[in-house]
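# Summary of structural features
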Amino acid sequence: MLKGGSRDTGKLLMERSVPGRMGVVTPLLDVPLQPMPDASLLRDDLSLPEVSEPEVVQYFTALSQLNFSIDTQFYPLGSCTMKYNPKINDEMAFLPGFAAIHPLQPEEQSQGALELLYRLQEFLGEITGMAGVSLATLAGAHGELAGVLMMRAYHHAQGDTGRTKMAIPDSAHGTNPASAAMAGFDVVSLASDKDGNVDLEALHELAGPDLAGVMITLPSTLGLFDQNIVEVCRIVHEAGGLVYGDGANMNALLGRTKLGDLGFDVIHLNLHKTFSTPHGGGGPGAGPVCCAPILAPYLAAPVVAAGGSNGNGSVGTYSLSSPEQSIGKMSGYHGNFGVLVRAYTYIRTLGDAGIKSISGNAVLNANYLLQALKDIYYLPYDRTCMHEVVLSADWQRARGVSGLDVAKRLLDYGFHAPTMYFPLIVHEALMIEPTEAENRDTLDAFIQALRDINQESFDDPDFVHHAPHTTPVSRLDEAGAARHPDLRWRPEA
Ligand SMILES: *Cc1c(COP(=O)(O)O)cnc(C)c1O
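What comes next concerns the included structure. Please read all numbers here as calculations on a predicted model, not as lab measurements.

### Looking at the packing of helix H11 (residues 337-373) against helix H14 (residues 440-459)
Remark: H11 packs on H14, axes separated minimally by 10 Å, with the N-to-C direction vectors making an angle of 30 degrees. Relative to H14, H11 is oriented roughly parallel. When you trace H11 past H14, the crossing you get is right-handed. Of the residues in H14, those touching H11 at Asn365, Tyr368, Leu369, Ala372 and Leu373 are Arg440, Leu443, Asp444, Phe446, Ile447, Leu450 and Arg451. Classifying every residue of the contact of H11 with H14 gives eight nonpolar, one polar and three charged.

### Re a nonpolar patch on the surface
A cluster of nonpolar residues, Leu29, Val31 and Leu33, forms a patch on the protein surface that exposes about 350 Å² of accessible area. Exposure remark for valine 31: the relative accessible area of 51% places this residue in the exposed category.

### Some details on the packing of aromatic side chains
Given two aromatic rings, one states the distance between the centres and the angle between the planes to describe the pair. Under the counting rule described, the total for this entry stands at nine aromatic pairs. Relative to phenylalanine 446, the ring of phenylalanine 74 lies with its centre 5.0 Å away and its plane at 80 degrees, an arrangement referred to as edge-to-face. Of this pair, phenylalanine 74 sits in the loop between helix H1 (53-64) and helix H2 (87-93) while phenylalanine 446 sits in helix H14, and the two are 372 residues apart along the sequence. Of the two residues, phenylalanine 74 and phenylalanine 446, both sit in the buried class. Three or more aromatic residues joined by ring pairs make a cluster, and in this case those are Phe74, Phe415 and Phe446.

Calculation notes
Residues numbered from 1 in each chain as written. Predicted model: local features only at pLDDT ≥ 70, side-chain atom pairs only at ≥ 80, totals over all residues. Heavy atoms only, no water. Axes fitted to C-alpha atoms, helices over the stretch in contact; angles between N-to-C directions. Helix = DSSP H or I, 4+ residues; strand = E, 2+ residues; numbered from the N terminus. Parallel < 35°, antiparallel > 145°, perpendicular 65-115°, else oblique. Left-handed = near helix turned anticlockwise from the far one by under 90°. Contact = heavy atoms within 4.5 Å. Nonpolar A, V, L, I, M, F, W, Y, C, P; charged D, E, K, R; others polar. Patch = residues over 30% accessible without salt bridge, like charges linked within 9 Å, V, L, I, M, F, W, Y side chains within 5 Å. Areas by Shrake-Rupley, 256 points an atom, 1.4 Å probe, with all protein chains shown as cover. Salt bridge = Lys/Arg side-chain N within 4 Å of Asp/Glu carboxyl O. Buried < 20%, exposed > 50% of the residue type's maximum accessible area, 1.4 Å probe, protein only. Phe/Tyr/Trp six-rings, centres within 6.5 Å; stacked < 30°, edge-to-face > 60°.

Bear in mind that shape data such as this cannot, by itself, settle questions of function.
Printed below as a string of structure tokens:
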């Protein structure tokens with residue numbers, strides 16, 4: 001049972017029930033009184049709590065405050081970019097003209113919304129150096145699937161059906177191989193070299209007539225810029241393959257370099273990471289796909305075109321269209337519109353210089369942590385990092401404190417844990433992403449916490465091993481909770 005928080009949540013709502021206590025006031029009857037249905041149709045086995053409205057509000061608010069969130073704590077979850085999301089983005093998304101519009105509203109009544117989508121396509125194309133953009137995909141993984149389906153459609157359109165292999169680095173996010181497999185490709189693992197770059201020799205071996213392409217994350221999930229990236233693209237193209245870019249973490253590169261200029265053919269962005277939408281807990285998201293001209297005919301429908309007409313030519317210059325050889329629809333309508341409004345607002349409020357400052361600050365913050373911690377946490381790839389730094393708890397492990405223990409102990413210090421045990425090629429990985437949103441005071445406090453925990457690994461490893469000590473619940477069976485969620489209250493038998 002949950003304890004703690006700002007209010008006592010020790011009792012479940014059902015257990016607070018007091019017969020006769022009411023949380024609702026039913027309005028006066030404005031229709032003729034009707035007799036109740038036959039008694040055999042009535043149930044009395046439904047136990048509902050009898051509680052007042054303030055009790056309900058206090059109960060659920062207190063429960064919500066037991067969670068960590070970006071609006072309450074530092075949340076350095078590597079790869080996930082849990083950063084501050086300006087509230088003005090929400091305000092814009094809540095404007096009635098955006099929030100209340102129906103996706104099936106005719107185009108001539110939706111010109112403002114379509115114009116926003118069109119302009120967002122243009123911005124994202126400019127930012128990534130790509131010619132075509134579709135906003136229809138609803139998450140990073142969803143964009144990946146669309147992108148690899150486009151690669152497949154392209155090869156098939158060339159009559160090139162023998163390209164069955166998709167090469168993916170061993171450091172990749174798990175969604176990459178999953179998306180490639182869903183699109184029907186055989187996934188082959190591409191080794192990293194000792195510096196954390198794609199191993200060019202391994203790539204040469206794979207680059208042949210059966211290679212459909214590679215999926216590269218840039219920066220890699222080691223938080224590193226692949227120094228061979230231009231060469232990687234060249235080798236793959238020379239072998240007739242295509243290069244997919246996982247651009248989930250574009251806050252490292254914004255305004256500095258464009259994936260299109262580096263040689264990528266198709267990429268996705270995670271608007272809910274880089275372009276500011278609160279996320280976690282499963283959504284909502286948006287994973288637009290941006291591509292080079294050769295792949296634009298295959299983009300998921302719809303895309304927004306300018307200069308269209310509604311048929312009589314008098315109203316409307318923006319219209320939805322389906323690219324010639326589109327892979328089809330990937331979602332019901334035009335994508336997660338509210339997330340797209342937030343991304344558009346974010347880009348407009350920041351402007352050119354603001355967009356560039358994101359990558360500057362994200363990279364500076366991560367390197368500040370790297371420098372302040374590398375004497376006490378093992379740094380497997382000792383290079384300047386990008387927006388995140390991957391450390392290892394190997395040295396602490398030798399004293400009986402694992403990466404998991406360090407992460408759990410951080411909760412006691414008031415910080416959300418970093419991503420752990422990912423990427424898989426780093427033993428006891430602690431993948432820390434401070435994001436551009438945090439100031440130096442927060443980073444210093446976090447550094448101090450990690451230094452203190454390291455000291456504890458000498459003085460009292462067992463104490464760290466049993467952390468957290470101050471949270472409402474301590475170590476949970478996380479897999480069990482996900483596999484067998486128990487969300488229903490049942491009266492005691
Ligand atoms: C988050 C992430 C994804 C997947 O994005 P979702 O929106 O969660 O599907 C893919 N690749 C990388 C590198 C990511 O960080």
